[in-house]
Amino acid sequence: MPNAQSKTSLNPNVFTFKIGGEAGFGIMSAGLNFAKVATRSGYHTFDYTEYPSLVRGGHNVMQISVSKDRVDSQYATTDFLVALNQETLNLHEHELIEGSGVLYDSDHNIDVSHLPSYVKTFELPLTHIIKEVNGSMVMRNSIAIGAALALLDGDLNILKTLIEESFGHKKNDVVSINHKACQIGYDYVLKEHAGDVKKILTPISGFTFNPDAPSLLLPTGNEAIALGAVASGMSFASIYPMTPTSNILHSLAPHQEKYGFVYKQPEDEISAINMAIGAAHAGARSMVATSGGGFALMSEGYGLAGITETPVVIIEGMRGSPATGLPTWTEQGDLRFVLHAHQGDFPRIVLAPGDVEEAFHASMLAFNLAEKYQTPVVVLVDKFICESHSSVAPFDYSNFKIDRGKLTLEKQDGYKRFAPSPDGISLRTVAGSGNHFVANSDEHDEIGYSNEEIENRNTQMNKRMQKLVTCSAQDMQAPVVYGPKDADVTIVSWGSNKGPILEALKVLPNVNYVHITWINPFPVEKLKQLLDNAKYLINIEANFSGQMHGLIKQHTGINILNNFVKYDGRPFYPEEIVERVKGI
Amino acid sequence: MSNLVESLSNSKTPNVPNWCPGCGDFGIWSAFKLAAQKKGWDSSNSAIVAGIGCHGHMVNFVQITAFEGLHGRSLPVASGIKMANNNLNVFSFSGDGDSLAEGCNHFVHTARRNHDITLILHDNAVYGLTTGQTSPRSPKGYVSKSTPAGSVEEPLNPLTMAIASGATFVAREYAGNIEQISELLIAANEHRGFSLVVILQPCVTFNHMYTHYFFQKNTYYLDKTHDITNKLHALEKSMEWDLNKIPLGIFYKVESPSYEDQIPVLQSGALGMRNIEVRNISDLYKGFA
């Protein structure tokens, strides 16, 4: 966590709420409830969680950026800190700024005496309150959120509704005890500190929350990807659990019967991708999801899908690597890995969405691209995007059409599965259609029979690789430019860095941002044009070696001299981007 | 025999098998084609999958839609096919290196899930395609390029392992018994659930121990006194391996719902043959605000 250099916030329009405590305190669900109270009061939020691998126990923290306008990132300063233990205070007190509030458990021996005078502290005797309602320790966060709402002028009834929604299926007294607990927390701090209330969560006048048709949703990247897959007609998913993408399978598994798809938990990632390939061979829209370590196991299946021309969508959520690495932290270190994994050359399409909304649309699009080009499509995301909730309008996919490409389920006369075609795409069919073909991991002829002859090899390789040329012309999306057309400084980046960069641009008027979302095929011409026209370039990415930096150089010949990389497992913060750009 | 000859000519592809003369794969190939002919297995109702090894060339010589996958991975591909189209007869050809070394994990898990597929395990107790190394089926003491002083490892027993792992149809044949293999493959396919058919197969080039003569002399058929529904008896018989004492036939067969039978989504027809349409996800938004 970077030090807050100044004791003011970078963007006074964004309020940062943070809650921390030991693993098992329900920090994440408490934080999410806070974010939902904000959403239901008409605010935008973005949240970011930090937690270690749970086997070690330890410190969990969730921070929520709240704003009247769209907000796309966490910030390095904290306006309101809820400390359920001393460690939370120790780890985060340096983030406190002029006017920050600290709500702490005064029954937990938390020492706040050393905090600077510009920080306001609010004690909350959580153990006493729990005894008073005859509740249990897991209610600490309900009480704390109730008290925080009081100090931030939030609507306690929304929290009570959320508690009902969470516990409604349990016995009624669970709901009523929690209701009583959060009310006591709320009343306790108001009685002592009525004069310290800040109008941060005051419900926006004229805004009405409609539970049946909410105007803003709060999904994570994982959830957006799962929703995109369901919307896109996905019919088969085999996913072995792995942080940070496990929540994709959690989001899919309960809805199989209603939507008519199969989620299968395989024995390992090797099996996962081979099952998905088998299902696609028999006509299913198939997907897998994993992180870098699981993708390492999938590497052999990745190329198998390539040479057998079998469509499969691969979600790769990056975390700090190599090996087990930083399992619960973020990184963008697998860019080159997904571009080069597996022996030899085969066409692979790699998309890198930059936020929750882009993740949803990339997920939908990936299924069309996989079937159209009959090849694996990777959606490359990271822990930061996968696990952060972000306010988005309900996804608009009204213009999306299912495109299965050249596909027949009917018996064809003289059918040749791998017949050459100028666009590289042959007429595909599936097992069970009555058409004989061999999907062959060996190099093969037009039917699929093993064939190692020179002319056949060249024909089939050229045919497969031609698909990328076709894709470049028909589907590839150019980088998107944010900020002024003419700028003194142009930031080049990709993936989840988008959010912190957009927040930084809010205070950097003469800076723009080139956001790359297609990694392969790569938008060479358009990017080169944008970079050639820029006055000063800075590349930002979250890996040691500057993997995108090298890719840009390889494709365009442009060597970006200012290369800002980070590989500590934490996402970029707007503050450090602003500092870096101002230092130019 | 006319039936056999007819089936051989009807099911063949333009490709000439490249197995060594005398290879056990010829017998398995013939038996499969004979069964296909008898039961009408073709590209409209069946799919075959192969791993890597000499057995894998099978995909080039049989007129049924095939997937030749990677070494050891035929079972997950076959499972995927079956889940996407549970109307298909799904056959997975594999070898002892393929299913018991590289793919042993998949072997165990496919058996425990009872996917409704038939695994035809070409068991020649040697790596043939890579020119003669010790396999997980090679006996202790086996001399090969990889174990010049003789293997010090005990062989795996796929029958025992399959029964212990939850397979519901476990059988063994010898590659020379073409008509019997053919009947066994039909029975295995008709069984709902995971069927393992091990075929003892000479590698005429690299295994000079397990020859046609060896198998013809030392195998015998389990008789009616063997209760195929008794797991302990089946396990006991599966461990029998001695001179003149190598049992063939069905060791174990019990009725149990297959994986596909238990998945509600699969009860309304083949997943992979359904129309793919944009789904309305509005109902999933609940809980996201």
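Residues numbered from 1 in each chain as written. Chains lettered and ligands numbered in written order. Predicted model: local features only at pLDDT ≥ 70, side-chain atom pairs only at ≥ 80, totals over all residues.

For chain A, the count of helices and strands is 19 helices and 19 strands. A compact globule built from 584 residues should have a C-alpha radius of gyration of about 25 Å, and chain A, at 26 Å, falls within 12% of that. If one aligns the C-alpha atoms of chain A with their principal axes, the spans along those axes are about 85 × 60 × 45 Å. Residues counted as buried form 57% of the 584 residues belonging to chain A. Contacts in chain A between residues far apart in sequence, at least 24 positions, make up 72% of those at least 6 positions apart. (Helix = DSSP H or I, 4+ residues; strand = E, 2+ residues; numbered from the N terminus. Rg over C-alpha atoms; globule rule 2.2 N^0.38 Å. Buried ≥ 20, exposed ≤ 12 C-beta atoms within 10 Å, placed from the backbone. Contact = placed C-beta atoms within 7 Å.)

How big an interface is tends to be reported as the loss of accessible area on association of its parts. With 61 residues of chain A in contact, the opposing surface of chain B contributes 46 residues. Mapped by element, the contributors of at least two residues to the side of chain A that touches chain B are α1 (27–40), α7 (221–231), α9 (256–259), β8 (262–264), α10 (269–281), α11 (292–308) and β13 (438–440) of chain A. Element by element, the count of residues in the side of chain A that touches chain B is highest for α10(A), at nine residues. Its residues assigned to classes, the side of chain A that touches chain B shows 32 nonpolar, 18 polar and eleven charged. For β13(A) and strand β2 (residues 66–68) of chain B, the ladder comprises three bridges, and the chain directions are parallel. If you follow A:Val438 over to β2(B), its bridge partner there is B:Ala66. (Nonpolar A, V, L, I, M, F, W, Y, C, P; charged D, E, K, R; others polar. Pairing = 2+ DSSP bridges.)

This next bit is on the sheet that holds β8(A). All names here are of chain A. Taking strand neighbours across the sheet as the criterion, the seven strands line up as β8-β7-β9-β10-β12-β11-β17 in an open arrangement whose pairing is mixed. Of all strands in the sheet, those bounded by a partner on one side alone are β8 and β17 (518–520). Strand-to-strand twist of the sheet, defined as the mean angle between neighbouring strand axes without regard to direction, takes the value 20°. With three bridges joining them, strand β11 (residues 349–351) and strand β12 (residues 376–382) adopt parallel strand pairing. In the sheet register, Val 350 faces β12, and the bridge partner there is Val 378. Sitting on the sheet, α10 is in contact with β7 (236–238), β8, β9 (286–290) and β10 (312–318), with an inclination near 165° to β9. Against the sheet, α11 contacts β9, β10 and β12, and its axis sits at roughly 155° relative to β10. (Axes fitted to C-alpha atoms, helices over the stretch in contact; angles between N-to-C directions.)

Taking the numbering used here, the UniProt-annotated feature "domain: Thiamine pyrophosphate enzyme TPP-binding" (unreviewed entry) corresponds to residues 52–199 of chain B. Taken as a whole, residues 52–199 of chain B contains 33% helix and 21% strand, while its terminal C-alpha atoms sit 17 Å from one another. (UniProt positions renumbered as here; feature names shortened; annotations may be inferred.)

Quick look at the domain arrangement of chain A now. All names here are of chain A. Along its sequence, chain A is carved into domain 1 (14–196), domain 2 (221–387) and domain 3 (480–582). Once you take the C-alpha centre of each, domain 1 and domain 3 turn out to be 35 Å apart. Residue-level contacts link seven residues of domain 1 with eight residues of domain 3. Its residues assigned to classes, the side of domain 1 that touches domain 3 shows four nonpolar, two polar and one charged. (Domains from an automatic or database assignment.)

Moving on, we come to the sheet that holds strand β8 (residues 195–200) of chain B. Spatially, nine strands are ordered β13(A)-β2(B)-β1(B)-β3(B)-β4(B)-β8(B)-β7(B)-β10(B)-β9(B) in an open sheet, and the strand pairing comes out mixed. Two strands close off the open sheet at either side, each with one partner strand: β13 of chain A together with β9 (219–221) of chain B. For this sheet the average axis-to-axis angle between neighbouring strands, irrespective of direction, equals 20°. Pairing of strand β1 (residues 46–50) of chain B with β2(B) involves three bridges; the strand directions are parallel. By the bridge assignment, B:Ala50 is partnered in β2(B) with B:Glu68. On top of the sheet, helix α7 (residues 178–190) of chain B reaches β3 (89–95), β4 (118–123), β7 (169–174) and β8 of chain B; it is set at about 165° to β7(B), its chief contact. Across the face of the sheet, helix α9 (residues 231–238) of chain B comes into contact with β7 and β10 (246–253) of chain B while running at roughly 155° to β10(B).

With respect to the secondary-structure elements, A:Gln74 resides in the loop between β3 (59–67) and β4 (78–83). Among all residues touching A:Gln74, those that are not within four sequence positions of it are A:Phe46, A:Tyr48, A:Gln63, A:Ser65 and A:Tyr573.

Residues and elements named next belong to chain A. Relative to the assigned elements, Ser 205 resides in the loop between α6 (172–193) and α7. Ser 205 sits in the exposed class, given 6 other C-beta atoms within 10 Å. Between the alpha carbons of Ser 205 and Gly 42 there is a distance of 8.6 Å; along the sequence they are 163 residues apart.

Okay, the environment of A:Leu91 next. Residue and element names in this part refer to chain A. Within the secondary structure, Leu 91 is located in helix α2 (residues 86–92). The exposure class assigned to Leu 91 is partly exposed, which follows from the 16 C-beta atoms found within 10 Å. With 71 residues separating them in the primary sequence, Leu 91 and Gly 20 have C-alpha atoms 9.5 Å apart.

All names here are of chain A. Put simply, helix α4 (residues 140–151) and helix α5 (residues 156–167) touch, their axes get as near as 9 Å, and they point 155° apart. Comparing the axis directions of α4 and α5 gives the class roughly antiparallel. Handedness of the α4/α5 crossing: right-handed. Contacts between α4 and α5 involve Ser 142, Ile 145, Gly 146 and Leu 149 from the former and Leu 156, Leu 159 and Ile 163 from the latter. Classifying every residue of the contact of α4 with α5 by side-chain character gives five nonpolar, two polar and no charged. (Parallel < 35°, antiparallel > 145°, perpendicular 65-115°, else oblique. Left-handed = near helix turned anticlockwise from the far one by under 90°.)

Turning our eyes to something else, we now look at the packing of helix α3 (residues 126–133) of chain A against α4(A). All names here are of chain A. Viewed as axis vectors pointing N to C, α3 and α4 meet at an angle of 110°, and their least axial separation amounts to 10 Å. Considering their axes alone, α3 and α4 lie roughly perpendicular with respect to each other. Across from Leu 126, Ile 129 and Ile 130 in α3, the residues of α4 making contact are Arg 140, Ile 143 and Ala 144. Looking at the contact of α3 with α4 residue by residue, the classes come out as five nonpolar, no polar and one charged.

The subject of this paragraph is helix α13 (residues 356–373) of chain A. Residue and element names in this part refer to chain A. Along its 18 residues, α13 runs 25 Å from first to last C-alpha, staying within 8% of the 26 Å computed at 1.5 Å per residue. Most of α13 sits inside the fold, with 17 of its 18 residues counted as buried. Positive backbone phi, at 50°, marks Gln 374, one or two positions downstream of α13. (Expected span 1.5 Å × (residues − 1).)

Glancing now at unusual backbone geometry. All names here are of chain A. Here the bond from Thr 243 into Pro 244 is cis, since omega is 10°, no more than 30 degrees from zero. On the secondary structure map, Pro 244 appears in the loop between β7 and α8 (246–252). Geometrically, the link from Asn 520 to Pro 521 is a cis peptide bond, its omega value of -10° lying close to zero. Along the polypeptide, Pro 521 turns up in the loop between β17 and α17 (524–532). The phi angle at Ala 323 is positive, at roughly 50°, despite the residue not being glycine.

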